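This is what each chain is made of:
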Amino acid sequence: MAQAALHESWKAALNAEFDSDYMAGLRAFLKAEKAAGKQIFPHSKNWFRALELTPLDAVKLVILGQDPYHGPGQAHGLCFSVMPGVRPPPSLQNIYKELQADLNIAPAKHGFLEHWARQGVLLLNSVLTVEAHQAASHQKRGWERFTDAAIAAVNENAAPTAFLLWGAYAQKKAAFVDENRHRVLRAAHPSPLAAHNGFFGCRHFSKANGFLAQNGRAPIDWALPALTNGG
């Protein structure tokens, strides 16, 4: 569980977590799962991809997810995002629908969200690994404590940031965020089961960009470029 690829800003904030007893326990659990022949998603090189692509000192906006996708070839370390060539899952399709309604951005033909992450959108799952085809299988093993520490680091150290909290789980996880410094936007989850209960029409994308502009920060370009491989 190497953190070498992390930006120095994250290392400074999270080194104590990597050295903690709970993280040692998490390492042991993951090692045992692999030794038992279980397939874990995403690939270990992408466990901390969200932190690698979005340094702490560059975070402008936070979107929280729960678990990685558990199907082959989907997860790559960013919440709601899938690898090139994979059809956007239903929740992401609804995110695209709201983007179009809010900012008139046509839905992308792919679900690869690195373009957002590279602009300062921290796409962070609460749990960073999952067993193949076993949803929520790595919950309560230590990841939640680690990602709580990452959110706390943003709350304490980042410039004014927008938090887009979709669904009760994300809203509870980031309940401690200082709303005097940061903008917290809450809505229903974009899943097909909940999107019509307040996600559609929330206009979080334009509201977040407005907040960034008010604080002298460049807005997010939400339009995803086409992938060169046609994915």
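Conventions we followed
Residues numbered from 1 in each chain as written. Predicted model: local features only at pLDDT ≥ 70, side-chain atom pairs only at ≥ 80, totals over all residues. Heavy atoms only, no water. Helix = DSSP H or I, 4+ residues; strand = E, 2+ residues; numbered from the N terminus. Buried < 20%, exposed > 50% of the residue type's maximum accessible area, 1.4 Å probe, protein only. Contact = heavy atoms within 4.5 Å. Areas by Shrake-Rupley, 256 points an atom, 1.4 Å probe, with all protein chains shown as cover. Lys, Arg positive; Asp, Glu negative; His and termini not counted. Charge placed at Lys NZ, Arg CZ, Asp CG, Glu CD. Salt bridge = Lys/Arg side-chain N within 4 Å of Asp/Glu carboxyl O. Polar contact = N/O pair within 3.5 Å; in protein donor to acceptor, adjacent residues only side chain to side chain. Phe/Tyr/Trp six-rings, centres within 6.5 Å; stacked < 30°, edge-to-face > 60°.

## Remarks on the overall build of the chain
Summing up its helical and strand segments, the chain has eight helices and six strands in all. Projecting the C-alpha coordinates of the chain onto the three principal axes gives extents of approximately 50 × 35 × 35 Å. Residue burial in the chain is summarised as follows: out of 231 residues, 55% are buried. Contacts spanning at least 24 positions in sequence make up 68% of the contacts within the chain whose residues lie at least 6 apart. With an accessible surface of roughly 10400 Å², the chain has 50% of that area assigned to carbon and sulfur atoms. Within the chain, the 18 negative side-chain charges are centred at a point lying 5 Å from the centre of the 23 positive side-chain charges.

## Some remarks on the pattern of salt bridges
It is possible for side chains bearing opposite charge to pair when their charged atoms get close. Counted under the stated rule, the structure contains eight salt bridges. Where Arg49 meets Glu114, a salt bridge forms, and the shortest distance between an N and an O atom there is 3.1 Å. Taken as a pair, Arg49 in helix H3 (residues 49-53) and Glu114 in helix H5 (residues 114-117) lie far apart in primary sequence, 65 residues in all. Of the two residues, Arg49 and Glu114, neither departs from the other in class, the shared state being buried. Note that Glu179 and Arg186 form a salt bridge whose closest N and O atoms lie 2.6 Å from each other. A relative accessible area of 44% means that Glu179 is categorised as partly exposed. Given the relative accessible area of 44%, Arg186 is considered partly exposed. Here the salt bridges do not stand alone but share partners, grouping Arg49, Glu52, Glu114 and Arg118 into one network.

## Observations concerning the environment of Pro225
Relative to the assigned elements, Pro225 resides in the segment after helix H8 (204-214). Once the C-alpha coordinates of Pro225 and Phe211 are considered, the two residues, 14 residues apart in sequence, prove to be 24 Å apart.

## Considering unusual backbone geometry
The peptide bond linking Phe41 to Pro42 adopts the cis configuration, its omega dihedral lying at -10 degrees. A positive phi angle, close to 70 degrees, is found at Phe80, a residue other than glycine. Inspection of the secondary structure puts Phe80 in the loop between strand E2 (61-65) and helix H4 (90-103). The backbone phi angle of Lys140 is positive, close to 60 degrees, even though this residue is not glycine.

## Overview of the side chain of Asn155
Assignment of secondary structure puts Asn155 in helix H6 (residues 143-157). Here Asn155 falls in the buried class, since its relative accessible area comes to 11%. Reaching out from Asn155, the side chain makes a polar contact with the backbone nitrogen of Asp178 at a distance of 2.8 Å. Discounting chain neighbours no more than four positions away, the residues touching Asn155 are Phe176, Val177, Asp178, Arg181 and His182.

## Brief notes about the packing of aromatic side chains
Inspection of every chain in the model, using the stated rule, returns 12 aromatic pairs. Between the aromatic rings of Phe18 and Phe146, the centroid separation amounts to 5.3 Å while the plane-to-plane angle is 65 degrees, which identifies the pairing as edge-to-face. Taken together, the residues span a long stretch of sequence, with Phe18 in helix H1 (residues 8-18) and Phe146 in helix H6 at a distance of 128 residues. This pair shows no difference in class: Phe18 is buried, exactly as Phe146 is. Each residue in the set Phe80, Trp116, Trp166, Phe199, Phe200, Phe205 and Trp222 is aromatic and connected to the rest through ring pairs, giving one cluster.

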